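Architecture at a glance
Here's the letter readout for the chains.
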Amino acid sequence: MKQKIKSTIISAVIFSSVFFYGCQSKDVRSNAQEDEKFVLVIHGGAGTILKKNMTPEKETAYIQKMTEALNNGHTILANGGSSLDAVESVIMMMEDSPLFNAGKGAVFTHEGTNELDASIMDGVTLNAGAVAAVKHIKNPIKLSRAVMERSPHVILAGTGAETFAQEEGFQLQPEEYFYTKRRWDSLQKALGNVGETSGIITDEISVYSTVGAVALDKHGNLAAGTSTGGMTNKRFGRIGDSPIIGAGTYANNKTCAVSGTGHGEYFIRGNVAYDISAMMEYGGKSLKESVKDVIQYKLIELGGTGGVIAVDKNGNIAMEFNTEGMYRGWVRNDETPQVLIYGND
């Protein structure tokens, strides 16, 4: 009888152990699968983007370039690359395109020069790097990462930033590299040389064509980056929100990664990117709630227009704007990249 009871107990223990470890293995596999998820979101600016003002050729060009950038970032993330690598790479692609107000396609200042701003932030360490008012840097986002990783500073500006760039092996570009007729014509219009004088403007389609990216990689790490040429006809070394950590760019593994595009002065006053993260961290709100509250209420109350893209630590995404449209796109895991332009898309 005792032997029978002992056998029953042993069998029960073995069964329990198998059941426990079997369930544990299942949970581990489930968590591993969760950890494999990754997300990339990009934007190419927000503003008065109406289908009636867009030619089919230009619409196709934007969709193709943004899809190309998303595919590039997807490859990096799918192969286990970091969110920082993905953000830097896709923004460089958009900086190299004359379609966007960043890098090659940057708008002109009042003096007829190009002054570029950018920033990047690591959600793991909260380390960040930024450059402002640089005139000869092909890819300001790349220099921003160098500032973050190879200097003790966060923001470098003007000639100092370019001296640092040279010391780090960056090749300075002649100012002619940044010339595009489209942006030059916008400056002439703003100066009143053609058509009506309209002060500070960008182009006829997108008011704030800053570019940006946010990503969550397979390791669960977030990153954000933003790059811009600022506003057409800007003066006095004006710097907007794009290189300001917490205003146009922010990333924190505890909450989310954010990149903004809009009227920079208002994004700075409202500390827009950080405000979204803070609402999540201290107020317990979701990404969707936080983004909507900041863009549709707080920013509008300040008098600002624009939008943000964001991804949280769980892979949820948000693309919120209070303008007629925003160039935006996303891709996650094995899904097909998606690109949208207009407000009713």
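Residues numbered from 1 in each chain as written. Predicted model: local features only at pLDDT ≥ 70, side-chain atom pairs only at ≥ 80, totals over all residues. Heavy atoms only, no water.

1. Considering the overall build of the protein
When helices and strands are counted, the protein shows nine helices and 12 strands. Sorting the 345 residues of the protein into buried and exposed places 52% on the buried side. For the protein, restricting intrachain contacts to residue pairs at least 6 apart in sequence, the fraction spanning at least 24 positions comes to 68%. For the protein, the accessible area works out to roughly 15400 Å², and carbon and sulfur atoms hold 54% of it. (Helix = DSSP H or I, 4+ residues; strand = E, 2+ residues; numbered from the N terminus. Buried < 20%, exposed > 50% of the residue type's maximum accessible area, 1.4 Å probe, protein only. Contact = heavy atoms within 4.5 Å. Areas by Shrake-Rupley, 256 points an atom, 1.4 Å probe, with all protein chains shown as cover.)

2. Quick notes on the pattern of salt bridges
Counted under the stated rule, the structure contains 12 salt bridges. The shortest N-O distance in the salt bridge between Glu 59 and Lys 51 comes to 2.9 Å. Take Glu 59: its relative accessible area is 18%, and that puts it in the buried class. Across the pair Lys 254 and Glu 281 runs a salt bridge whose closest N-O atoms are separated by 3.9 Å. In this pair, Lys 254 sits in the loop between β7 (249-251) and β8 (256-262) while Glu 281 sits in helix α8 (residues 272-283), placing the two residues 27 residues apart along the sequence. In this structure, a network of salt bridges that share partners links the residues Asp 85, Glu 88, Arg 145 and Glu 149. (Salt bridge = Lys/Arg side-chain N within 4 Å of Asp/Glu carboxyl O.)

3. Structural notes on the packing of helix α4 (residues 140-150) against helix α5 (residues 158-167)
Axes are the key here: two packed helices are described by the angle between their axes and the distance separating the axes. The N-to-C vectors of α4 and α5 enclose an angle of 75°; their axes lie 11 Å apart at closest approach. The pairing of α4 with α5 is recorded here as roughly perpendicular in orientation. Listed contacts from α5 to Leu 143, Ala 146, Val 147 and Arg 150 of α4 are Ala 161, Phe 164 and Ala 165. Taken together, the residues of the contact of α4 with α5 sort by class into six nonpolar, no polar and one charged. (Axes fitted to C-alpha atoms, helices over the stretch in contact; angles between N-to-C directions. Parallel < 35°, antiparallel > 145°, perpendicular 65-115°, else oblique. Nonpolar A, V, L, I, M, F, W, Y, C, P; charged D, E, K, R; others polar.)

4. Digging into the confidence of the model for the protein
Averaged over every residue, the pLDDT of the protein is 88; residues scoring 70 or more account for 86%. For the stretch residues 1-34, pLDDT sits under 50, and the model shows zero contacts to residues farther than four places along the chain or on other chains. (pLDDT = per-residue confidence, 0-100.)

5. Some remarks on the pairing of strand β2 (residues 116-122)
A large share of β2 lies buried, amounting to seven of its seven residues. Side chains of β2 alternate between two faces, with Leu 116, Ala 118, Ile 120 and Asp 122 and Asp 117, Ser 119 and Met 121 buried alike. Note: β2 against strand β3 (residues 128-134), five bridges, orientation antiparallel. When the bridges of β3 are listed, Met 121 appears paired with Ala 128. Taken together, β2 and the strand that follows it, β3, pair antiparallel across an intervening segment of five residues, in which Leu 126 is found at a positive phi of about 65°. Here β2 pairs with strand β6 (residues 222-228) via six bridges, running antiparallel. (Pairing = 2+ DSSP bridges.)

6. Some points on the sheet that holds strand β1 (residues 39-47)
Sheet strands line up and pair through hydrogen bonds in the backbone, either parallel or antiparallel. Ordered by their spatial adjacency, eight strands build an open sheet running β4-β3-β2-β6-β5-β1-β11-β12, and the pairing between neighbours is mixed. Each of the sheet's edge strands pairs with one partner strand only, and the pair in question is β4 (155-157) and β12 (338-342). Each strand axis lies, on average, 10° off the axis of its neighbour in the sheet, ignoring direction. Pairing of β3 with β4, which is carried by three bridges, proceeds in the parallel orientation. The partner of Ala 130 across the bridge, within β4, is Ile 155. Against the sheet, helix α3 (residues 83-95) contacts β1, β2, β5 (211-216) and β6, and its axis sits at roughly 160° relative to β5. α4 contacts β2, β3, β4 and β6 of the sheet and is inclined by roughly 50° relative to β2.

7. A look at α4
When you tally the buried positions in α4, you get eight out of 11 residues, the bulk of the element. Listing the buried residues of α4 in full gives Pro 140, Ile 141, Leu 143, Ser 144, Arg 145, Ala 146, Val 147 and Met 148. Turning to α4, the residues buried within the fold contact α3, β2, β3, β4, α5 and β6.

8. A short note on unusual backbone geometry
The backbone of Asn 233 sits at a positive phi, close to 70°, despite the residue not being glycine. Looking at Asn 233, the relative accessible area reads 9%, which means it is buried. Phi is positive for Phe 236, close to 60°, though the residue is something other than glycine. Its location among the elements puts Phe 236 in the loop between β6 and β7.

9. Points about the environment of Glu 95
As for its position among the elements, Glu 95 is in helix α3. Sequence separation of Glu 95 and Asn 139 is 44 residues, and the distance between their C-alpha atoms is 6.3 Å. The contact partners of Glu 95, leaving out residues within four places of it in the chain, are Ala 102, Gly 103, Lys 104, Gly 105, Lys 138, Asn 139, Pro 140, Ile 141 and Ser 227. Looking at Glu 95, its side chain comes within polar contact range of the side chain of Asn 139, at 2.9 Å. (Polar contact = N/O pair within 3.5 Å; in protein donor to acceptor, adjacent residues only side chain to side chain.)

10. Re the side chain of Ser 227
Considering the arrangement of structural elements, one finds Ser 227 in strand β6. Residue classification places Ser 227 among the buried residues on the basis of a relative accessible area of 0%. Here the side chain of Ser 227 touches Glu 95 through a polar contact of 2.6 Å, side chain to side chain. Ignoring anything within four residues of it in the chain, the contact list for Ser 227 reads Ile 91, Glu 95, Asn 101, Ala 102, Asp 117, Ala 118, Pro 140, Thr 210 and Val 211.

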